[in-house]
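One letter stands for each residue in the lines below.
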Amino acid sequence: MNDLFLRALREEPVERIPVWIMRQAGRYLPQYRAVREKVDFLTLCRTPELAVEVTLQPVAILGVDAAILFSDILVPMLPVIPGIRFDPGPKIPEPLEHPSQIGDHDPEKEIPYVGESIRMLRRALRVPLIGFAGAPYTLATYTTDIRRLRREDAKKAREFLDRLALLTERYLLYQVDAGAQAIQIFDSWGQELPAAEFEALAAPGLRRLCAAVRARGVPVIYFARGPLRDVGATACGVDWTVDLAEARRRGPVQGNLAPDRLLSSPEDVARAARAMAEPVAGTGYVANLGHGILPETPVECAKAFVSTIHSIPCKR
Ligand code: CP3
């Protein structure tokens with residue numbers, strides 16, 4: 001069992017740097033496109049045999065040190081908004097008008113394929129499995145007009161986020177109970193909140209989420225674009241605008257190569273990967289991109305990223 005990734009998050013000794021890639025199962029892989037030719041994206045998410053197959057692809061092809069469940073941040077919203085479509089990004093037929101539309105949902109009953117995929121993956125994998133969810137604010141940007149509510153009705157905005165946080169907490173604990181060994185929270189839009197508004201509106205729900213998962217002994221990575229924000233996670237996932245060494249001084253860190261650096265040549269990727277990782281080589285660091293891998297990425301460049309990280313010596 002390769003548990004480098006979990007040891008790095010616990011700041012225990014590691015012999016080399018663990019690496020995985022956000023959106024590592026996706027359209028840049030011909031093997032993923034072959035599966036997608038046969039079924040649409042939501043069917044893929046809802047069919048455990050297929051979700052497992054594409055989750056395993058990057059582990060076999062790239063040799064990454066962690067797998068991430070193949071799903072989408074909108075999947076736990078399907079029982080709330082059954083008409084969600086993907087083309088290729090999420091399309092919501094009728095955005096939510098009122099927080100009370102987000103009721104009390106039981107993932108075990110309503111989206112059982114998520115737990116089933118996780119249980120099947122744990123039997124198949126020799127690297128840790130990451131479960132995930134969208135941060136409440138990021139979910140709100142896709143499912144309601146949260147930007148208008150922030151301007152016009154801050155109380156209602158807060159109510160939406162509180163309900164989304166509760167739904168997300170249940171969803172994450174469901175994944176942990178099924179066997180997820182780490183959790184990543186994707187806050188792809190949280191950076192658009194000014195610091196004070198982030199504190200008032202988004203941070204309380206995020207702190208509850210992180211605490212609930214960590215109370216089960218499972219590490220949490222909080223990924224956000226833009227400035228580093230403390231929400232009580234085990235580690236921060238950061239993008240290329242953040243200085244890694246500085247972030248590492250504040251705690252375990254994951255990141256942060258700009259995805260477009262993988263559009264060049266394997267030699268250039270190797271140089272960029274070394275420049276990123278050498279200054280922070282050691283435990284408490286997980287190598288990754290600063291956002292999802294781009295569909296036009298050459299597979300050779302993704303492979304060069306992983307193998308270069310694996311070649312960097314770790315100081316103890
Ligand atoms: O990382 C992984 O390999 C696991 C799977 C995963 C997907 N989406 C699969 C996917 C994860 C972790 C996500 C997270 C996600 N989804 C986020 C947060 C991360 C980020 O990129 O900011 C967001 C904002 C979404 C919402 C979403 N879903 C968008 C914006 C899109 C379209 C973007 C695109 O890549 O075209 C999706 C669709 C989606 N989710 C695809 C995949 C592989 C492409 C669908 C296809 O195969 O046609």
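Residues numbered from 1 in each chain as written. Predicted model: local features only at pLDDT ≥ 70, side-chain atom pairs only at ≥ 80, totals over all residues. Heavy atoms only, no water.

**Regarding the environment of P88**
Working step 1: Position of P88 relative to the elements: it lies in the loop between β2 (85–86) and β3 (90–91).
Working step 2: Given a relative accessible area of 63%, P88 falls into the exposed group. (Helix = DSSP H or I, 4+ residues; strand = E, 2+ residues; numbered from the N terminus. Buried < 20%, exposed > 50% of the residue type's maximum accessible area, 1.4 Å probe, protein only.)

**Focus on the packing of aromatic side chains**
Aromatic ring pairs are described here by two measures, namely the spacing of the ring centres and the angle between the planes.
Working step 1: Across all of its chains, the model carries five aromatic pairs by this definition.
Working step 2: Taken together, a centroid distance of 5.7 Å and an interplanar angle of 50 degrees make the contact between Y32 and F70 tilted. Remark: F70 occurs in the loop between β1 (67–68) and β2 and Y32 occurs in helix α2 (residues 30–38); sequence separation between them is 38 residues. Comparing Y32 with F70 shows no difference in burial state: the two are buried.
Working step 3: Between the aromatic rings of F186 and F223, the centroid separation amounts to 6.1 Å while the plane-to-plane angle is 65 degrees, which identifies the pairing as edge-to-face. With a gap of 37 residues between them, F186 in strand β5 (residues 182–187) and F223 in strand β6 (residues 220–224) connect regions that are remote in the sequence. Taken individually, F186 and F223 each receive the classification buried, so the pair is uniform in this respect.
Working step 4: Cluster of aromatic residues (ring-pair linked, three or more members): Y32, F41, F70 and F86.
Working step 5: In this structure, R147 packs its charged tip against the face of W189, placed 5.6 Å from the ring centre.
Working step 6: Across from the ring centre of W189, 4.9 Å away, lies the NZ or CZ of R225, which sits over that ring. (Phe/Tyr/Trp six-rings, centres within 6.5 Å; stacked < 30°, edge-to-face > 60°. Lys NZ or Arg CZ within 6 Å of the ring centre and 35° of its normal.)

**Thoughts on the nonpolar core**
Working step 1: Counting residues in each nonpolar core, the largest one holds 126 residues, and the members touching the most others are F5, M77, I185 and F305.
Working step 2: For this core, the leading source of residues is helix α9 (residues 154–178), giving 11 residues.
Working step 3: When residues no more than four places from it in sequence are discounted, the contact partners of F305 are V19, I21, L257, L262, V269, A273, M276, N288 and L289. (Core = buried A, V, L, I, M, F, W, Y, C linked by side-chain atoms within 4.5 Å. Contact = heavy atoms within 4.5 Å.)

**Brief notes about unusual backbone geometry**
Peptide bonds are, in most cases, trans, and in most cases residues other than glycine have a negative phi.
Working step 1: Omega for the peptide link from D87 to P88 comes to -20 degrees, which places this bond in the cis form.
Working step 2: In the segment running from G255 into N256, the intervening peptide bond is cis, with an omega of 0 degrees.
Working step 3: Locating N256 in the fold gives a position in strand β8 (residues 253–257).
Working step 4: One non-glycine residue, E11, lies in positive phi territory at about 60 degrees.

**Thoughts on helix α13 (residues 299–311)**
Working step 1: Compared with the 18 Å implied by 1.5 Å per residue over 13 residues, the 18 Å span of α13 between its first and last C-alpha is a close match.
Working step 2: Of all the residues in α13, the buried ones are V299, C301, A302, A304, F305, V306, T308 and I309.
Working step 3: Of the surrounding secondary structure, the elements contacted by the buried residues of α13 are α2, α4 (48–62), β8, α12 (266–277) and β9 (285–289). (Expected span 1.5 Å × (residues − 1).)

**Side note on the pairing of β8**
Working step 1: Where burial is concerned, most of β8 is hidden: five out of the five residues are buried.
Working step 2: Taken together, the two bridges between strand β7 (residues 235–237) and β8 define a ladder with parallel strand orientation. Its bridge partner being in β8, G237 is matched across the sheet by Q254.
Working step 3: Considered for its hand, the β-α-β crossover made up of β7, helix α11 (residues 244–250) and β8 is right-handed.
Working step 4: One ladder, built from five bridges, connects β8 with β9; its direction is parallel. Within β9, the position partnered with G255 by the bridge is A287.
Working step 5: In this view, the connection linking β8 to its parallel neighbour β9 by way of α12 has right-handed handedness. (Pairing = 2+ DSSP bridges. Right-handed = clockwise from strand over helix to strand, strands pointing away.)

**Things to note about the pairing of strand β4 (residues 129–134)**
Working step 1: Summarising burial for β4: six of the six residues are buried, a large majority.
Working step 2: Burial of the side chains of β4 extends over both faces: L129, G131 and A133 are buried on one face and I130, F132 and G134 on the other.
Working step 3: Bridging between β1 and β4 involves two bridges; their strand directions are parallel. Following the sheet pairing, I68 is matched in β4 by I130.

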